[in-house]
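Summary of structural features
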Amino acid sequence: MKIKYLGTGAYEGIPALFCTCPICLKAMEKGGRNIRTRSQALIDDKILIDFNADTYSHFITHKIDFTKVKWCFITHSHYDHLDVGDIQIMRPDYSYHPDYEFTFYSGDKGCRMIREKIEPDFMKDVARCKLLRAFNQEFIPGYRITPLPANHDQNASPFIFLIEELKTKNICYMLMILGSFLKMSSIISIIMSSIWIW
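As a starting point, this report considers the structure included with it. All figures in this text were calculated on a predicted structure; none of them were measured in a lab.

What counts as what
- Residues numbered from 1 in each chain as written.
- Predicted model: local features only at pLDDT ≥ 70, side-chain atom pairs only at ≥ 80, totals over all residues.
- Heavy atoms only, no water.
- Helix = DSSP H or I, 4+ residues; strand = E, 2+ residues; numbered from the N terminus.
- Polar contact = N/O pair within 3.5 Å; in protein donor to acceptor, adjacent residues only side chain to side chain.
- Contact = heavy atoms within 4.5 Å.
- Salt bridge = Lys/Arg side-chain N within 4 Å of Asp/Glu carboxyl O.
- Phe/Tyr/Trp six-rings, centres within 6.5 Å; stacked < 30°, edge-to-face > 60°.
- Buried < 20%, exposed > 50% of the residue type's maximum accessible area, 1.4 Å probe, protein only.
- Pairing = 2+ DSSP bridges.
- Axes fitted to C-alpha atoms, helices over the stretch in contact; angles between N-to-C directions.
- Core = buried A, V, L, I, M, F, W, Y, C linked by side-chain atoms within 4.5 Å.
- Disulfide = S-S within 2.5 Å.

Here's the deal with the side chain of glutamate 138
Topologically, glutamate 138 is positioned in strand β7 (residues 138-140). Engagement of the side chain of glutamate 138 in a polar contact is seen with the side chain of lysine 130, the distance being 2.9 Å. In contact with glutamate 138, other than residues within four places in its own chain, are Tyr105, Lys130, Leu131, Leu132, Tyr143, Arg144 and Ile145.

Side note on the pattern of salt bridges
A full pass over the atoms with the stated rule returns six salt bridges. For lysine 2, the salt bridge is made with aspartate 45, and the minimal N-O distance between the two is 2.7 Å. Of this pair, lysine 2 sits in the segment before β1 (3-7) while aspartate 45 sits in the loop between β2 (40-43) and β3 (47-49); the two residues are 43 residues apart in sequence, bridging distant segments of the chain. Among the salt bridges present, the one from arginine 91 reaches aspartate 93, with a minimum N-O distance of 2.4 Å.

A few points about the packing of aromatic side chains
Under the definition given, this model contains nine aromatic pairs. Ring geometry for phenylalanine 51 versus phenylalanine 104: centroids 5.5 Å apart, planes at 80°, classification edge-to-face. Of this pair, phenylalanine 51 sits in the loop between β3 and α2 (55-61) while phenylalanine 104 sits in strand β5 (residues 102-106), placing them 53 residues apart in sequence. By relative accessible area, which is 4% here, phenylalanine 51 ends up buried. Taking relative accessible area as the criterion, phenylalanine 104 reaches 0% and is therefore assigned buried.

Topic: unusual backbone geometry
Omega for the peptide link from isoleucine 14 to proline 15 comes to 0°, which places this bond in the cis form. Structurally, the position occupied by proline 15 is in the loop between β1 and α1 (22-30). With a phi close to 50°, lysine 63 is a non-glycine residue in the positive phi region. Tracing the backbone shows lysine 63 in the loop between α2 and β4 (71-73).

Structural notes on the environment of histidine 81
The residue histidine 81 is located in the loop between β4 and β5 in this model. The spatial distance from the C-alpha of histidine 81 to the C-alpha of aspartate 50 is 5.1 Å, given a sequence separation of 31 residues. Within the structure, histidine 81 has its side chain in polar contact with the side chain of aspartate 50 (distance 2.6 Å). Among the polar contacts made by the side chain of histidine 81, one reaches the side chain of threonine 75 at a distance of 3.3 Å.

Observations concerning the sheet that holds β4
The six strands are arranged β1-β2-β3-β4-β5-β6 in an open sheet whose pairing can be described as mixed. Looking along the sheet, the strands with just one partner apiece sit at the ends: β1 and β6 (127-131). For this sheet, the mean inter-axis angle between neighbouring strands, taken without regard to orientation, is 20°. For β2 and β3, the ladder comprises three bridges, and the chain directions are antiparallel.

Quick word on the nonpolar core
Membership of the largest hydrophobic core comes to 23 residues, with the highest contact counts inside it found for Leu48, Phe51, Ile87, Met90, Phe104 and Ile114. Top element by residues in this core is helix α3 (residues 108-118). It accounts for three residues. Contact partners of phenylalanine 104, with chain neighbours within four places excluded, come to Phe51, Cys72, Ile74, Ile87, Met90, Ile114, Arg128, Cys129 and Lys130. Among the nonpolar cores identified, the runner-up in size contains 14 residues, and Trp71, Tyr105, Phe159 and Phe161 belong to it.

Quick look at the state of the cysteines
Tallying each qualifying case throughout the model produces zero disulfides. Of the cysteine sulfurs around cysteine 24, a residue in no disulfide, the closest is that of cysteine 19, at 3.7 Å. Distance from the sulfur of cysteine 72, which forms no disulfide, to the nearest cysteine sulfur (cysteine 129) is 9.2 Å. In this structure cysteine 72 comes out as buried when scored by relative accessible area, which is 0%.

Quick look at the structure:
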């Protein structure tokens, strides 16, 4: 399983807009790996974790063919993980992509936000959103994804994901878990945000 980190920053990113702290000033000066965009990952070039305001920048910077990405799992509905504004760029009158289909998977709030953007007639054949429930497994070709409840703002319908490649290894994508601990002997790798671990 190949994991590409597209962004590893928090809501404000580094350097943050309007910030003149030493960390942000140094990041601005040095650039490169000192720049932290909002959190997002790509698994095997086809499964996207989160769809935030930096998605466009990530795909340009990393030269990713978006038409190969078919599924997006949303960890929670906060703006730094779900920016619904760019979803409408999938509209056929904005971009040419014959036979392209994209599926979002999200908790209740995120699904409502996404569906508001994709339910008009011009989007119905391109994008859809599937509502996630904790512990209900989702199957996409070659993978089993299990959404697990996360200890974060419950109004944002937060999940962490156990992502299993059915032929080889498992990973667990854990973000914003705030001290939750998951113990499963079959997990080979764990990806987690350490910002909120207590």
